[in-house]
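Read off the chains here:
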Amino acid sequence: MTKLPLQAQGPLLEVQNLRKSFGPHEVLRGIDLAVMSGERVAIIGGSGSGKSTLLRCLNFMEVPTQGRIALDGRLLGRPGRDGSTVYPEGELCGVRRRVGMVFQQFNLFPHMTAVENVMEALVTVKGAPRRQARARAEAELGKVGLGDKHDAYPSRLSGGQQQRVAIARALAMDPEILLFDEPTSSLDPELVGEVLRVIRGLAEEGRTMLLVTHELGFAYHFATKVVFLADGRFYEVGTPDEVLKHPRGERTRTFLARHS
Ligand code: ADP
Ligand code: MG
């Protein structure tokens, strides 16, 4: 992969004044974020603070109430009448392929084997021939350490294995950005490590990632930038050392004290 030096490029992902309300409830109240290629952002914050909503907006599963999102310098959607952005469905299909997402609950298809789960979007979204999709899916499963589980159904896999299938599925689409929404939160403690190891491997490959997590020790080593979300805003942003070891804000300190 040939890449320009970082400083010659603008942000891969840029978010300006992103707002999201559900009825009268304003969950995101003006988020600004620029993510350079190869950056890894850890997002922390209390339950209900809007972490999932933010990732879902970045993956266009939710339409922001206001604000702008640009991918690789290109603004997405067009302005609607009320200050919102209108996303034409045709444009979203293309964009969703560029932004991969891994969910807390894995979201695998229960009636499909591991390899079929990874193949599915390659065939239906990318239009890959089945043989080619299968080969790619098998390669991705091998990379997450599941080379011997191609034909297993999700119900026969542990939570950690299911999550690794979900990561393989996201990787098969060649995303430019990977979003992880608490990928280890529903795992038994002894299975957390195998998933974090895979994520660490992706970091070593230089992938651009946003990770919502309560694993603060992992976030410290993983992230190039940490943001603490509170009251719908980025209450504190900085290096892992700044935010996790030397927080300036009172609320960040309280949160960290509760989660350490
Ligand atoms: P977090 O991931 O930080 O726990 P969420 O983004 O899931 O928080 O939710 C933030 C707030 O938005 C919560 O109060 C939640 O109830 C609300 N919310 C999330 N999704 C919806 C929805 N589809 N409809 C209404 N309210 C929602
Ligand atoms: Mg959440």
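Residues numbered from 1 in each chain as written. Chains lettered and ligands numbered in written order. Predicted model: local features only at pLDDT ≥ 70, side-chain atom pairs only at ≥ 80, totals over all residues.

Draft legend 1. The arrangement of the overall build of the protein chain in detail. Of the regular secondary structure elements, the protein chain holds nine helices and 12 strands. Principal axes of the C-alpha set define a box for the protein chain whose edges measure 50 × 45 × 40 Å. Scored against the burial criterion, the 260 residues of the protein chain give a buried share of 38%. For the protein chain, contacts bridging at least 24 residues in sequence account for 63% of all contacts bridging at least 6. (Helix = DSSP H or I, 4+ residues; strand = E, 2+ residues; numbered from the N terminus. Buried ≥ 20, exposed ≤ 12 C-beta atoms within 10 Å, placed from the backbone. Contact = placed C-beta atoms within 7 Å.)

Draft legend 2. View of the sheet that holds strand E8 (residues 99–102). With respect to topology, six strands assemble into an open sheet ordered E8-E9-E10-E3-E11-E12, the strand pairing being mixed. Every interior strand has two partners, whereas the edge strands, E8 and strand E12 (233–238), have only one. Shown here is a sheet whose adjacent strand axes are inclined to one another by a mean of 20°, direction ignored. As paired strands, strand E11 (residues 225–230) and E12 are joined by five bridges and run antiparallel to one another. Across the sheet, the residue bridging to Ala230 is Arg233, located in E12. (Pairing = 2+ DSSP bridges. Axes fitted to C-alpha atoms, helices over the stretch in contact; angles between N-to-C directions.)

Draft legend 3. Summary view of the site of ligand 1. With respect to spatial proximity, the complete set of residues near ligand 1 consists of Phe22, Val27, Gly45, Ser47, Gly48, Ser49, Gly50, Lys51, Ser52 and Thr53. When residues in the shell around ligand 1 are grouped by element, the largest group, three residues, is from helix H1 (residues 51–58). Its residues placed into classes, the shell around ligand 1 shows two nonpolar, seven polar and one charged. (Near = placed C-beta within 6 Å. Nonpolar A, V, L, I, M, F, W, Y, C, P; charged D, E, K, R; others polar.)

Draft legend 4. Looking closely at the UniProt feature "domain: ABC transporter" (unreviewed entry) in the protein chain. UniProt's entry tags residues 13–256 with the feature "domain: ABC transporter" (unreviewed entry), counted in the numbering of this structure. Regarding residues 13–256, the helix share stands at 38% and the strand share at 27%, and the terminal C-alpha atoms are separated by 27 Å. (UniProt positions renumbered as here; feature names shortened; annotations may be inferred.)

Draft legend 5. Main features of the confidence of the model for the protein chain. In the predicted model, the protein chain carries a mean pLDDT of 93, and 97% of its residues have values of at least 70. The ipTM assigned to the predicted complex is 0.98, against a pTM of 0.94. (pLDDT = per-residue confidence, 0-100.)

Draft legend 6. The sheet that holds strand E4 (residues 66–71), seen in detail. Ordered in space as E2-E1-E4-E5, the four strands form an open sheet in which the pairing is antiparallel. Pairing within the sheet leaves two strands with one partner each, and these edge strands are strand E2 (25–35) and strand E5 (74–75). Relative to the sheet, H1 contacts strand E1 (13–22), E2 and E4, its axis offset from that of E2 by approximately 60°.

Draft legend 7. View of the environment of His259. In this structure, His259 sits in helix H9 (residues 250–259). According to the C-beta neighbour criterion, His259 is exposed, with 12 such atoms within 10 Å. In this view, His259 contacts His214 and Leu216; residues no more than four positions away in its chain are not counted.

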